[in-house]
Every structure is written in structure tokens, then in C-alpha cells.
Amino acid sequence: MTNFFDLILSPFRYVVSWILWAFHELFSKIGLDPNSGWTWTLSIIFLVLLIRTALIPVFVKQIKAQRAMQALQPDLRKLQAKYKGKKDQLSQQAMIAEQRALFKKHKTNPLSSCLPMLIQMPFFFALFTVLNNASKASGSNQGIGALSADHIKSFDQSSIFGARLSDTFLNTINSGSPSAAVIIVALIMILAMTASQFITQKQIMSKNMTKEALEGPFMQQQKIMLYILPLVFGVGGINFPIGVLIYWTATNLWTLGQQFYVIRNNPTPGSQAERELNERRAAKGLPPLGQKKSDEAAAAAIVEEPKVQRVQPQRKNRKKK
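Here the residue numbering is sequential within each chain, running from 1 through the sequence in written order. Only residues with pLDDT of at least 70 get local features here, since the model is predicted, and only at 80 or more are side-chain atom pairs given and counted; chain-wide, interface and lining totals rely on the full set of residues. The basis for the side-chain values is all heavy atoms of the structure; hydrogens and waters are excluded.

S.K.: Just to check I follow, could you spell out the overall build of the protein chain for this structure?
M.R.: Only DSSP runs of H or I covering at least 4 residues are called helices, and only runs of E covering at least 2 are called strands; the numbering of each starts at the N terminus. In terms of regular secondary structure, the protein chain is built from 15 helices and two strands. Categorising residues by exposure relies on relative accessible area from a 1.4 Å probe, with only protein chains included: less than 20% of the type maximum marks a residue as buried, more than 50% marks it as exposed, and the intermediate range marks it as partly exposed. Within the protein chain, the fraction of its 321 residues that count as buried is 39%. Working rule for contacts: check all heavy atoms of both residues, and any pair within 4.5 Å makes them a contact. Of all intrachain contacts in the protein chain linking residues separated by at least 6 positions in sequence, the fraction that spans at least 24 positions is 70%. When the accessible surface of the protein chain is split by element, carbon and sulfur atoms take 61% of a total near 19,900 Å². In short, Shrake-Rupley with a 1.4 Å probe defines the accessible areas, and a residue's cover is counted only from the protein chains shown.

Listed below in C-alpha cells is the structure:
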């Protein structure tokens, strides 16, 4: 199973290691110390920027999928009410078939909102194996992917604030002589990683969801994931090399900033964020989102025509003979 997993990750590992090598070479050529932990840290951060920039089209599709899921919530609740209490196999199959038809009609599915993370995970695991195996590869004078043995040794020995990028919180605790620098840097990075992930999901739920979505059946799952995911990554973070923590924190901060921009400037219709945007637009004299100013002016120009009282013709008095 391990060999199969390594086989699947092999092309991702080579791509990630090559990008890391390319940025490291670039920063070294412009005058940074090739053996400095800060040079490797910058290489990791720019690796994040490149991957996340490439994922922007996928992120746009994710936004559309999320809005489609929110739009179908009323129909989904009607469907669940229709089959409420019906536990027989035929009813369950019919409900599933109608759900699929509903998702097809709205051109979405529950997995669409998870697509960016699913695409990003192989790169994350590939980077994890590269950085996690750096110490072992350095000891045996081996390279990993596109990184030569010299690059791996340089990375393994590099540090920031006295903490090596290949060290982990758990390893230093179990080493018998724990490094205070590793413990402090790792804890700060773990807290930053989990906090940024929590805030990103929280701002979606608090501002960018419609009333129907907040009352929908998926909301309870969203609330659970709001706390479970940061907890899982927080606990798992004690076994992440500091280089991986830098990568994951940087990608979470990108997501947070990207999400903030979308919510502020292109919110979900019917959400609190849309109401706040329309208030800002009204303060600037602009029409509500989705309404053109020319339409507003045309609507204002339509006035009721004044009613003109018809002048009745007057009878002429006949002359008496």
C-alpha cells in the first residue's frame, strides 16, 4: 500500500521539488545565501503563490458550485420532507435519484466545494514527503526528486530563528534534549495555521451564506467541520516539519485573503455580505449590485402622464325666430 501511495505521489513530488529548486536557484542568483533558512522559506512561500495562482480557475468553479448548492436548498428540503419517515429501499432509491436530478439541474454536487482542497492535497503530501524525508536523505547523501543531495543537505541544515526547517515539534520533544527554538517556532506556526483555517471558514458561514443555507440540512455539518478540521490539523501539526507548517500557513493565509476579497466584492446573493456591499454602494451613490445605473435612471424617468380634463363642446344657443 505504501509503495502504491509513493507511486501515485511520485510525479507530484517531482513537480514540487522542481519548483522548490527553481525558486531556490532564483533567490540564490539574486544574492541570497543559498544555505540560509530564509532563502528556503521564501522558496516555499513562492511555491504556494505559484500553486494557488494556478488554482484560481478551480476556485472560481468552487464559488459557483457553493452558490448553486445554496440555491437548491429549498428544493432539497422539500424533497427530504417528501420522503420523511419512508425508510423502505424503494423510497430511498427514489429519493437518491431525485437528489441526483436536482444536483444535475443546478449543475453542482456536494463535492464541488471541496475540489480545490482535493486538488491541492497531492501537492501537500508530496511536499510533506520531500521535507519530512530531508533529514534521512541528508544522512544517506541522497537527493529527492529534482533536489540533489547537496540541496537536501543545505535544506536539512538551514534554520529560521534557530529552528531547523526539517525539525518537528514531536521529534524535538522525544529527542531527550528538546530545542526551545523548535518548540516555540512550531507552536507559533501551528497556531497560525489552525487560526487562519478557522477564520476562513467562519467568515463564509457568518457573512456569505443565505438565510435558507444557514437553516439548511448541510449547515450542521458545516458547523462540525468548522471546529473539527482546525483541530485535526492542529494535532497533526506537531508531526509536521517546520517547512511544511510554513507551506500550510502560507496557503491558508492566501485562502483567507482570497475569500475576503470575493466576499467583499462578489458576495452570494441574499447574504449579509451582499447587504453590506449594497450599503457601501448606496453611500457612494451607486445602484444595488446587479442593477445598472442606466436602468435606475430610466426607472426614475418614468412618470405618470398628467390627466388632462377633456373640454366638452359647448352648445350654441339657437336664435329664436
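S.K.: Whenever I open this one, the environment of phenylalanine 198 confuses me. Can you help?
M.R.: Assignment of secondary structure puts phenylalanine 198 in helix H10 (residues 180-207). Exposure remark for phenylalanine 198: the relative accessible area of 28% places this residue in the partly exposed category. Measuring from C-alpha to C-alpha, the distance between phenylalanine 198 and leucine 256 comes to 9.5 Å, with 58 residues separating the pair along the chain. Once residues within four sequence positions are removed from consideration, phenylalanine 198 is found in contact with Leu226, Tyr227 and Pro230.

S.K.: So what exactly am I meant to see when it comes to the packing of helix H4 (residues 73-82) against helix H5 (residues 89-105) here?
M.R.: If you want to describe how two helices pack, look at the angle between their axes and the distance between the axes. Between H4 and H5, the least distance of the axes is 11 Å, while the angle of their chain directions is 170°. One finds that H4 runs roughly antiparallel with respect to H5. Judged by residue contacts, Asp75, Leu76, Leu79 and Lys82 of H4 engage Met95, Glu98, Gln99 and Leu102 from H5. Under the scheme applied, nonpolar residues are Ala, Val, Leu, Ile, Met, Phe, Trp, Tyr, Cys and Pro; charged residues are Asp, Glu, Lys and Arg; polar residues are all the others, including Gly. Of the residues contributing to the contact of H4 with H5, the split by class is four nonpolar, one polar and three charged. Axis angles are defined between N-to-C directions and span 0 to 180 degrees, where every axis is a line fitted to C-alpha atoms and, for a helix, only to the segment in contact. In these notes the angle categories are as follows: under 35 degrees is roughly parallel, over 145 is roughly antiparallel, 65 to 115 is roughly perpendicular, and the rest is oblique.

S.K.: Can you help me understand the pattern of salt bridges in this one?
M.R.: Oppositely charged side chains can form a pair if their charged atoms are brought close together. Salt bridge, as used here: a side-chain nitrogen of Lys or Arg that lies within 4 Å of a carboxyl oxygen of Asp or Glu. Under the counting rule described, the total for this entry stands at three salt bridges. A salt bridge links arginine 164 to aspartate 167, with the nearest nitrogen and oxygen atoms 3.4 Å apart. Salt bridges here are not isolated pairs; linked through shared partners, they connect Asp156, Arg164 and Asp167.

S.K.: Hey, could you run me through the nonpolar core in this one?
M.R.: The nonpolar side chains of a soluble globular protein tend to be buried with one another. To qualify as a nonpolar core, a set must consist of buried Ala, Val, Leu, Ile, Met, Phe, Trp, Tyr and Cys residues joined through side-chain atoms within 4.5 Å. Membership of the largest hydrophobic core comes to 45 residues, with the highest contact counts inside it found for Leu131 and Tyr247. Those elements that place two or more of their residues in this core are helix H1 (2-29), helix H2 (37-54), helix H6 (115-132), helix H7 (134-139), helix H8 (149-157), H10 and helix H13 (242-265). Ranked by residues supplied to this core, first place goes to H6 with eight residues. Look past the residues within four positions of leucine 131 in its chain and what remains in contact with it is Leu20, Ile44, Phe155, Ser166, Pro241, Gly243 and Val244.

S.K.: What's the story with the packing of aromatic side chains in this structure? I'm lost.
M.R.: The description of two aromatic rings rests on the distance between their centres and on the angle between their planes. The criterion for an aromatic pair is that two Phe, Tyr or Trp rings (for Trp, the six-membered ring) have centres within 6.5 Å, with stacked assigned to planes under 30 degrees apart, edge-to-face to planes over 60 apart and tilted to the rest. Taken as a whole, this structure holds 16 aromatic pairs when the rule is applied. Ring centres of phenylalanine 124 and tyrosine 247 lie 6.2 Å apart, and the angle between their planes is 25°; this geometry places the pair in the stacked category. Here the residue phenylalanine 124 occupies a position in helix H6, and tyrosine 247 occupies one in helix H13, the gap between them amounting to 123 residues. Assessed through its relative accessible area of 3%, phenylalanine 124 is described here as buried. Among the residues examined, tyrosine 247 registers a relative accessible area of 1% and is labelled buried. Measuring from ring centre to ring centre gives 5.6 Å for phenylalanine 128 and phenylalanine 240, while their planes differ by 70°; the resulting arrangement is edge-to-face. Separated by 112 residues along the polypeptide, phenylalanine 128 in helix H6 and phenylalanine 240 in the loop between helix H12 (219-236) and H13 bring together distant segments of the chain. Aromatic ring contacts, followed pair by pair, group Phe124, Phe125, Phe128, Phe233, Phe240, Tyr247 and Trp248 into a single cluster.

S.K.: What is the right way to read the side chain of glutamine 203 from this model?
M.R.: By secondary structure assignment, the location of glutamine 203 is in helix H10. Looking at glutamine 203, the relative accessible area reads 14%, which means it is buried. In protein, a polar contact requires one atom able to donate a hydrogen and another able to accept it; more generally it is a pair of N or O atoms within 3.5 Å, and residues adjacent in sequence count only if both atoms are side-chain atoms. Separated by 3.5 Å, the side chain of glutamine 203 and the backbone oxygen of leucine 256 make a polar contact. Beyond its immediate sequence surroundings of up to four residues, glutamine 203 is in contact with Asn208, Leu256, Gln259, Phe260 and Ile263.

S.K.: Help me understand a nonpolar patch on the surface in this model?
M.R.: Candidate patch residues must exceed 30% relative accessible area and have no salt bridge, after which like charges are joined if within 9 Å and Val, Leu, Ile, Met, Phe, Trp or Tyr side chains if within 5 Å. Nonpolar side chains collect at one region of the surface, where Leu26, Ile30, Leu32, Leu42, Phe46 and Leu49 lie side by side and expose about 480 Å² of accessible area between them. Here the element with the most residues in the nonpolar patch is H2; it accounts for three residues. With respect to the helices and strands, the residue phenylalanine 46 is situated in helix H2.

S.K.: Would you mind going over helix H3 (residues 56-71) with me for this structure?
M.R.: Given 3.6 residues per helical turn, the α-helix brings residues three or four places apart onto the same face. In a helix, the anticipated span is given by 1.5 Å times the number of residues less one. In this model H3 runs 23 Å from its N-terminal to its C-terminal C-alpha over 16 residues, within 8% of the 22 Å that 1.5 Å per residue would give. All of the buried residues along H3 are Val58, Phe59, Gln62, Ile63, Ala65, Gln66, Arg67, Ala68, Met69 and Gln70.

S.K.: Before we go on, may I ask you to explain the environment of serine 140 in this structure?
M.R.: As for its placement among the helices and strands, serine 140 is situated in the loop between H7 and H8. The exposure class of serine 140 is partly exposed, given its relative accessible area of 39%. For the pair serine 140 and lysine 153, spaced 13 residues apart in the sequence, the C-alpha separation amounts to 9.8 Å.

S.K.: Just to check I follow, could you spell out the side chain of serine 17 for this structure?
M.R.: Topologically, serine 17 is positioned in helix H1. Here serine 17 falls in the buried class, since its relative accessible area comes to 0%. Only 2.9 Å separates the side chain of serine 17 from the backbone oxygen of tyrosine 14, close enough to count as a polar contact. Among the polar contacts listed, one links the side chain of serine 17 to the backbone nitrogen of alanine 146, at a separation of 2.8 Å. Filtering out sequence-adjacent residues up to four positions away, serine 17 remains in contact with Val130, Ile144, Gly145, Ala146 and Leu147.

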